[in-house]
Amino acid sequence: MQTLAQTLSAQAVNISLTQLLLTLADTSKAISVAVRHGALAGVLGATDQENVQGETQKKLDVITNDMLKDTLKADGNVRGLASEEEDYVVEVNAKGEYLVCFDPLDGSSNIDINSLVGTIFSVLPAPAGELNEQSFLQAGRKQVAAGYVLYGPSTMMALTTGKGTQFYTLDPNSQEFLLTDNNVQITPDTAEFAINMSNQRFWEAPIQTYIADLLLGTIGPREQSFNMRWIAAMVGDVHRVLCRGGIFAYPTDNKNPEKPFKLRLMYEANPMALLVEQAGGKASTGYETILDIQPTAIHQRVAVILGSANEVDTCLSYHGIDYSEEPSID
Ligand SMILES: O=P(O)(O)OC[C@H]1O[C@](O)(COP(=O)(O)O)[C@@H](O)[C@@H]1O
Ligand SMILES: [Mg+2]
Ligand SMILES: [Mg+2]
């Protein structure tokens with residue numbers, strides 16, 4: 001089986017990006033060790049700090065953020081970084097060619113119940129000149145690489161450098177990420193959806209109607225039964241969609257009018273959208289393709305609807321968007 005380095009070489013990924021991706025992979029191996037030690041290492045539970053979004057930080061949010069920050073600072077290829085757990089962008093190396101945005105621990109509410117968590121990352125080209133927040137505000141389409149590492153029963157990485165989506169599995173013996181799927185493909189049709197149903201009464205009308213029709217199953221307009229899954233960690237839910245198809249949605253809601261969206265564009269939605277598109281799926285807010293959004297802030301939040309192409313199109317048709325002219329529709 002090919003190693004990560006061998007696969008990146010076969011994809012003709014340039015040396016600086018390869019080095020950076022290997023740094024991210026190495027750091028994720030160390031995070032995997034910290035996560036696996038759990039209570040034995042005293043890493044579970046919360047801190048008494050909040051991040052910029054007003055969320056209480058878990059100990060592992062802080063530990064994993066520091067691990068990534070330290071290794072990316074030591075990697076000469078990084079110009080700057082932005083993290084869910086950092087209020088502001090961090091300047092790294094004046095000569096670095098890349099910007100890295102990351103969610104060091106996604107699904108962190110799962111950590112205390114020994115359930116799925118992961119790390120999500122997005123790599124953008126660093127523009128010339130002074131580094132500031134503006135340097136990062138590039139549409140997701142500009143990402144040169146994106147991926148996540150899932151700390152599950154096995155540690156897996158999903159990665160794209162714009163040449164399809166690949167899965168790697170961490171070999172516990174050699175400590176190498178080995179290529180286990182070179183061409184991940186999301187089935188265009190599905191009978192499985194993932195959404196936090198407890199927010200139902202707060203959604204907009206289009207998503208209310210769409211989900212209601214899925215729940216009606218064989219007696220509704222879809223004339224088929226749909227199954228529901230919710231891991232409460234985007235990495236886990238998107239991984240399932242990449243493995244066996246499905247639709248994942250965290251739509252707009254009015255539960256807290258100051259925060260109409262949950263997921264963050266730069267280090268959750270964009271990297272997942274690129275992985276999904278590169279695997280033949282689609283990713284939208286309901287009104288706009290995620291990868292085409294022009295960001296306005298590093299911690300900006302968005303609505304997310306992604307997964308099996310035909311099912312995402314069906315969901316978008318409830319939002320009054322007709323995709324019948326698009327080539328992906330039969
Ligand atoms: O609490 P909810 O509504 O189930 O939300 C779960 C969502 O929140 C997140 O956990 C947010 O990520 P963080 O844990 O990085 O803040 C997503 O991974 C997941 O999809
Ligand atoms: Mg997250
Ligand atoms: Mg997080």
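As the structure is a prediction and not an experimental result, all values here were calculated from the model.

## Side note on the overall build of the chain
Here is step 1: Broken down by element type, the chain carries 8 helices and 17 strands.
Here is step 2: At 19 Å, the chain has a C-alpha radius of gyration in line with the 20 Å of a compact globule built from 330 residues.
Here is step 3: Reported as C-alpha extents along the three principal axes, the dimensions of the chain are approximately 55 × 45 × 45 Å.
Here is step 4: Put simply, of all contacts in the chain between residues at least 6 apart along the chain, 61% involve residues at least 24 apart.

## A look at the UniProt feature "domain: Fructose-1-6-bisphosphatase class 1 C-terminal" (unreviewed entry) in the chain
Here is step 1: This chain's UniProt record puts "domain: Fructose-1-6-bisphosphatase class 1 C-terminal" (unreviewed entry) on residues 187-319.
Here is step 2: The span residues 187-319 is 35% helix and 15% strand, and its two end C-alpha atoms sit 22 Å from each other.

## A look at the site of ligand 1
Here is step 1: Taken together, Glu84, Asp103, Asp106, Gly107, Ser108, Ser109, Asn196, Ala232, Ala233, Met234, Tyr250 and Lys262 make up the full set of residues adjacent to ligand 1.
Here is step 2: Looking at the shell around ligand 1 residue by residue, the class counts come to 4 nonpolar, 4 polar and 4 charged.
Here is step 3: Residue-level mapping places the shell around ligand 1 at the junction of two domains, with at least three residues from each of domain 1 (4-181) and domain 2 (192-318).

## Observations concerning the sheet that holds strand β10 (residues 177-181)
Here is step 1: Here we have 8 strands laid out as an open sheet, ordered β4-β3-β5-β6-β7-β8-β9-β10, and mixed in their pairing. At either end of the open sheet lies a strand with only one pairing partner, and these are β4 (90-91) and β10.
Here is step 2: Here strand β3 (residues 78-83) runs beside β4; their pairing, made up of 2 bridges, is antiparallel. The residue of β4 that forms the bridge with Leu81 is Val90.
Here is step 3: In this fold helix α6 (residues 234-244) packs onto β5 (98-106), β6 (117-125), β7 (145-151), β8 (155-160) and β9 (165-170), with an angle of close to 105° to the strand it touches most, β7.
Here is step 4: Most of the contacts of helix α7 (residues 265-278) go to β6, to which it runs at about 85°, and overall it touches β3, β5, β6, β7, β8 and β9.

## Looking at the sheet that holds strand β15 (residues 282-284)
Here is step 1: Taken in spatial order, the 5 strands make up an open sheet running β12-β11-β13-β17-β15, and their pairing is mixed. Edge positions in the sheet fall to β12 (227-228) and β15, since each of these pairs with one other strand and no more.
Here is step 2: Looking at chain direction, strand β11 (residues 192-194) and strand β13 (residues 247-250) are connected through 2 bridges and run parallel. Paired with Ala194 across the strands is Phe248, a residue of β13.

## Description of the domain arrangement of the chain
Put simply, an interface is often sized by how much accessible area is lost when its parts join up.
Here is step 1: Considered domain by domain, the chain is made up of domain 1 (4-181) and domain 2 (192-318).
Here is step 2: On a C-alpha basis, the centroid separation for the pair domain 1 and domain 2 is 23 Å.
Here is step 3: Contact residues are listed per partner, giving 34 residues for domain 1 and 28 residues for domain 2.
Here is step 4: Only β5, β6, α4 (133-136), β7 and β8 provide two or more residues apiece to the side of domain 1 that touches domain 2.
Here is step 5: With 5 residues, β6 is the single largest residue contributor to the side of domain 1 that touches domain 2.
Here is step 6: A breakdown of the residues in the side of domain 1 that touches domain 2 according to their chemical character gives 16 nonpolar, 13 polar and 5 charged.

## A word on unusual backbone geometry
Here is step 1: One non-glycine residue, Asn114, lies in the positive phi region at around 55°.
Here is step 2: You can see Asn114 is positioned in the loop between β5 and β6.
Here is step 3: Its identity is not glycine, yet Glu223 carries a phi of approximately 55°, on the positive side.
Here is step 4: Note on placement: Glu223 falls in the loop between α5 (205-216) and β12.

## Re the UniProt feature "binding site: Mg(2+) 2" (unreviewed entry) in the chain
Here is step 1: Taking the numbering used here, the UniProt-annotated feature "binding site: Mg(2+) 2" (unreviewed entry) corresponds to Asp103, Asp106 and Glu268. The greatest C-alpha distance among the annotated residues, which extend across 166 residues, is 8.5 Å, indicating that they converge on a single site.
Here is step 2: In this fold, Asp103 is placed in strand β5.
Here is step 3: Taking the number of C-beta atoms within 10 Å as the measure of exposure, Asp103 has 28 and is therefore buried.
Here is step 4: Not counting the four nearest positions on each side in its chain, Asp103 is found in contact with Glu84, Thr119, Ile120, Tyr267 and Glu268.

## With respect to the nonpolar core
Here is step 1: Judged by nonpolar contacts, the single largest core of 89 residues is most densely connected at Val100, Val123, Met272, Val304 and Leu306.
Here is step 2: It is α7 that contributes the most residues to this core, 9 residues altogether.
Here is step 3: The residue makeup of this core includes at least three contributed by each of domain 1 (4-181) and domain 2 (192-318).
Here is step 4: In this structure, Met272 is in contact with Met234, Val238, Ala283 and Leu306, ignoring residues within four places of it in sequence.

## Re the packing of helix α2 (residues 15-37) against helix α3 (residues 59-74)
Here is step 1: Closest axis-to-axis distance for the α2/α3 pair is 10 Å, and the angle between their directions is 155°. The angle between α2 and α3 falls in the class roughly antiparallel. Here the hand of the crossing between α2 and α3 comes out right-handed. Taking contact as the criterion, the partners of Thr23, Asp26, Thr27, Ala30, Ile31, Ala34 and Val35 in α2 are, on α3, Leu60, Ile63, Thr64, Met67, Leu68, Thr71 and Leu72.
Here is step 2: Looking at the contact of α2 with α3 residue by residue, the classes come out as 9 nonpolar, 4 polar and 1 charged.

Here is what the cut-offs are and how they apply
Residues numbered from 1 in each chain as written. Chains lettered and ligands numbered in written order. Predicted model: local features only at pLDDT ≥ 70, side-chain atom pairs only at ≥ 80, totals over all residues. Helix = DSSP H or I, 4+ residues; strand = E, 2+ residues; numbered from the N terminus. Rg over C-alpha atoms; globule rule 2.2 N^0.38 Å. Contact = placed C-beta atoms within 7 Å. UniProt positions renumbered as here; feature names shortened; annotations may be inferred. Near = placed C-beta within 6 Å. Nonpolar A, V, L, I, M, F, W, Y, C, P; charged D, E, K, R; others polar. Domains from an automatic or database assignment. Pairing = 2+ DSSP bridges. Axes fitted to C-alpha atoms, helices over the stretch in contact; angles between N-to-C directions. Buried ≥ 20, exposed ≤ 12 C-beta atoms within 10 Å, placed from the backbone. Core = buried A, V, L, I, M, F, W, Y, C linked by C-beta atoms within 7 Å. Parallel < 35°, antiparallel > 145°, perpendicular 65-115°, else oblique. Left-handed = near helix turned anticlockwise from the far one by under 90°.

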